[in-house]
Amino acid sequence: MSTQHVPEPAMAPGASAPAVAAAIAPERNQHLRRYLMCRPEHFTVRYRINPWMEPSRPTDTALAVRQWQTLYDTYIALGHEVELIDPLPGLPDMVYTANGGFVLDGIAYGPKFRHPERAAEAPAFMAWFAAQGFEVRAPLEVNEGEGDFLLAGETILAGSGFRSAGASHRELAEIFGREVVPLRLVDPRFYHLDTALAVLDPVVGFANGGPERAGIAYLAEAFDAESLAVLRARFPDAIVVSSADGAAFGLNAASDGKHVLVSPRASGFARQLEARGYTPVPVDLSELLLGGGGIKCCTLELRG
Ligand code: ARG
């Protein structure tokens, strides 16, 4: 075996910092997930419902499909299960399945889109959930599913300000019987909660003097002062990302508790993740960013 002739990587001068970080960072455990995705066969940008969308700029649907396929393949390679919903012509944003609902305890709370351009996606997602045996709850209030609702431990963090109505938070609490923590978004670039906050560890909570949990990561300036105070009090050890990493859609990341699929442009966030014991896995969805979506937007978690 030639292994013994290979120089020990830890001897390299640049390797000392990660080695120290790894020594103090907690061990992370992977949780296998079941996800719903939608191949972007009809992806394009022909309307503008968020500041990232520019209908006059051409899109490359084939490239979007290839990038999306890499995301799909990465989930499969990591051992996750991925379900697919058929893309419908005329619904270019259907690729962003995170907005298709919020699924927990075998119950699928359906979406009710803010903008008419996406309205027809709602019945398609609800029909899919029903066909898969989920108990479907049709929404009364405007909400955009897991784009604005993120499960953090036993608590649901719920965004409002641009898309989901505040009243949907009450509906959410009634359906799932969980604590719902409202968070108000103030920057139009970060119009869904999943563009401004990522849940990294399914077991989140106070640091409590124990090992650092870093259950979540967020972009401070995306929230109003009151919401920011709530985040600081509840998650004192959260990763707070830089403006640059936030603007690169770094927080639109998907974590299984160990691997964090993240935009390659959010390099500072990747280093913060490594320092906390996570394994960043770069996945580039630059073409889908033209629609204002990234990794997490293309991923809906199905919790049975
Ligand atoms: N073009 C889509 C919209 O504006 C993008 C949705 C992104 N999804 C998300 N979960 N952030 O509705």
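Being a predicted model, the structure only gives us computed values, none of them experimental. (Residues numbered from 1 in each chain as written. Predicted model: local features only at pLDDT ≥ 70, side-chain atom pairs only at ≥ 80, totals over all residues. Heavy atoms only, no water.)

1. Thoughts on the overall build of the chain
Link 1 in the chain: Looking only at helices and strands, one finds eight helices and 15 strands in the chain.
Link 2 in the chain: Of the contacts formed within the chain by residues at least 6 apart in sequence, a portion of 71% connects residues at least 24 apart. (Helix = DSSP H or I, 4+ residues; strand = E, 2+ residues; numbered from the N terminus. Contact = heavy atoms within 4.5 Å.)

2. Describing the state of the cysteines
Link 1 in the chain: Taken as a whole and assessed by the stated rule, the structure comprises zero disulfides.
Link 2 in the chain: Free cysteine: C298, not disulfide-bonded; nearest cysteine sulfur from C297 at 6.4 Å. (Disulfide = S-S within 2.5 Å.)

3. Quick word on the side chain of H80
Link 1 in the chain: Relative to the assigned elements, H80 resides in the loop between α2 (61–77) and β2 (81–84).
Link 2 in the chain: Residue classification places H80 among the buried residues on the basis of a relative accessible area of 5%.
Link 3 in the chain: At 3.0 Å, the side chain of H80 forms a polar contact with the backbone nitrogen of R33.
Link 4 in the chain: Among the polar contacts listed, one links the side chain of H80 to the side chain of D256, at a separation of 2.9 Å.
Link 5 in the chain: Those residues in contact with H80 that sit more than four places away from it in its chain are Q30, H31, L32, R33, Y35, Y75 and D256. (Buried < 20%, exposed > 50% of the residue type's maximum accessible area, 1.4 Å probe, protein only. Polar contact = N/O pair within 3.5 Å; in protein donor to acceptor, adjacent residues only side chain to side chain.)

4. Looking at the nonpolar core
Link 1 in the chain: In terms of nonpolar packing, the biggest core is built from 66 residues, with L197, F223 and F269 touching the most fellow members.
Link 2 in the chain: Per element, the largest residue contribution to this core is five residues, and it comes from α2.
Link 3 in the chain: Non-local contacts of F223, meaning those with residues more than four positions away in its chain, are made with L183, R184, L185, V186, L193, A196, L197, Y218, L228 and L231.
Link 4 in the chain: Membership of the second largest hydrophobic core comes to 14 residues, among which are V103, A124, F134 and L302. (Core = buried A, V, L, I, M, F, W, Y, C linked by side-chain atoms within 4.5 Å.)

5. Some thoughts on the sheet that holds strand β9 (residues 197–199)
Link 1 in the chain: Read from one edge of the open sheet, three strands run β9-β10-β11, paired in mixed fashion. Of all the strands in the sheet, just β9 and β11 (239–240) have a single pairing partner and so form its edges.
Link 2 in the chain: Summarising the sheet, β9 and strand β10 (residues 216–218) pair through three bridges and their orientation is antiparallel. The residue bridging A198 from the neighbouring strand is A217, located in β10. (Pairing = 2+ DSSP bridges.)

6. Topic: the sheet that holds strand β5 (residues 135–137)
Link 1 in the chain: One open sheet holds the three strands; their spatial order is β3-β4-β5, and the pairing between them is mixed. Because the sheet does not close on itself, it has two edges, and the strands there are β3 (102–104) and β5. Across the sheet, the mean angle separating the axes of adjacent strands is 20° when strand polarity is ignored. (Axes fitted to C-alpha atoms, helices over the stretch in contact; angles between N-to-C directions.)

7. Brief notes about unusual backbone geometry
Link 1 in the chain: Phi at D105 takes a positive value of approximately 55°, unusual for a residue other than glycine.
Link 2 in the chain: When you line up the elements, D105 lands in the loop between β3 and β4 (107–109).
Link 3 in the chain: Classification of D105 as partly exposed rests on a relative accessible area of 40%.
Link 4 in the chain: Of note in this structure, F249 is not a glycine but carries a positive phi near 65°.
Link 5 in the chain: Relative to the elements of secondary structure, F249 occurs in the loop between α6 (243–247) and β12 (254–255).

8. Concerning the site of the ligand
Link 1 in the chain: N50, R118, D194, G291 and C297 are the nearest of the 17 residues found near the ligand.
Link 2 in the chain: A distance of 2.8 Å separates a nitrogen atom of the ligand from a polar side-chain atom of H192.
Link 3 in the chain: Contact distances for the ligand include 2.7 Å between a nitrogen atom and a side-chain N or O atom of D194.
Link 4 in the chain: Here the ligand loses 100% of its free accessible area of 350 Å² to cover by the protein chains.
Link 5 in the chain: Of the residues that constitute the shell around the ligand, the class distribution is six nonpolar, seven polar and four charged. (Near = heavy atom within 4 Å. Areas by Shrake-Rupley, 256 points an atom, 1.4 Å probe, with all protein chains shown as cover. Nonpolar A, V, L, I, M, F, W, Y, C, P; charged D, E, K, R; others polar.)

9. Observations regarding the pattern of salt bridges
Link 1 in the chain: In total, this model carries 17 salt bridges according to the counting rule given.
Link 2 in the chain: As a salt-bridge pair, D201 and R28 come within 3.3 Å of each other at their nearest N and O atoms. With D201 in the loop between β9 and β10 and R28 in the loop between α1 (16–24) and β1 (34–37), this residue pair connects regions lying 173 residues apart in the sequence. The exposure classification of D201 matches that of R28, with both residues buried.
Link 3 in the chain: The partner of E179 in a salt bridge is R234, with the nearest N and O atoms 2.4 Å apart. Pair noted here: E179 is in the loop between α4 (166–176) and β8 (180–184) and R234 is in helix α5 (residues 225–234), with a separation of 55 residues, a long-range link. (Salt bridge = Lys/Arg side-chain N within 4 Å of Asp/Glu carboxyl O.)

10. Some details on the packing of aromatic side chains
Link 1 in the chain: Per the counting criterion, the structure on display carries 10 aromatic pairs.
Link 2 in the chain: Centroid distance W52 to F249: 4.8 Å. Interplanar angle 80°. Geometry classified as edge-to-face. Here W52 is found in the loop between β1 and α2, whereas its partner F249 is found in the loop between α6 and β12, with 197 residues between them in sequence.
Link 3 in the chain: For W52, a relative accessible area of 18% corresponds to the buried category.
Link 4 in the chain: For the pair Y109 and F149, a centre-to-centre distance of 6.3 Å together with 20° between the ring planes defines the contact as stacked. Residue Y109 is found in strand β4, and its partner F149 is found in strand β6 (residues 149–152); the two are separated by 40 residues along the sequence.
Link 5 in the chain: Of the residues examined, F149 reaches a relative accessible area of 0% and is grouped as buried.
Link 6 in the chain: Counting every residue linked through ring pairs, the aromatic cluster contains F102, Y109, F149 and F176. (Phe/Tyr/Trp six-rings, centres within 6.5 Å; stacked < 30°, edge-to-face > 60°.)

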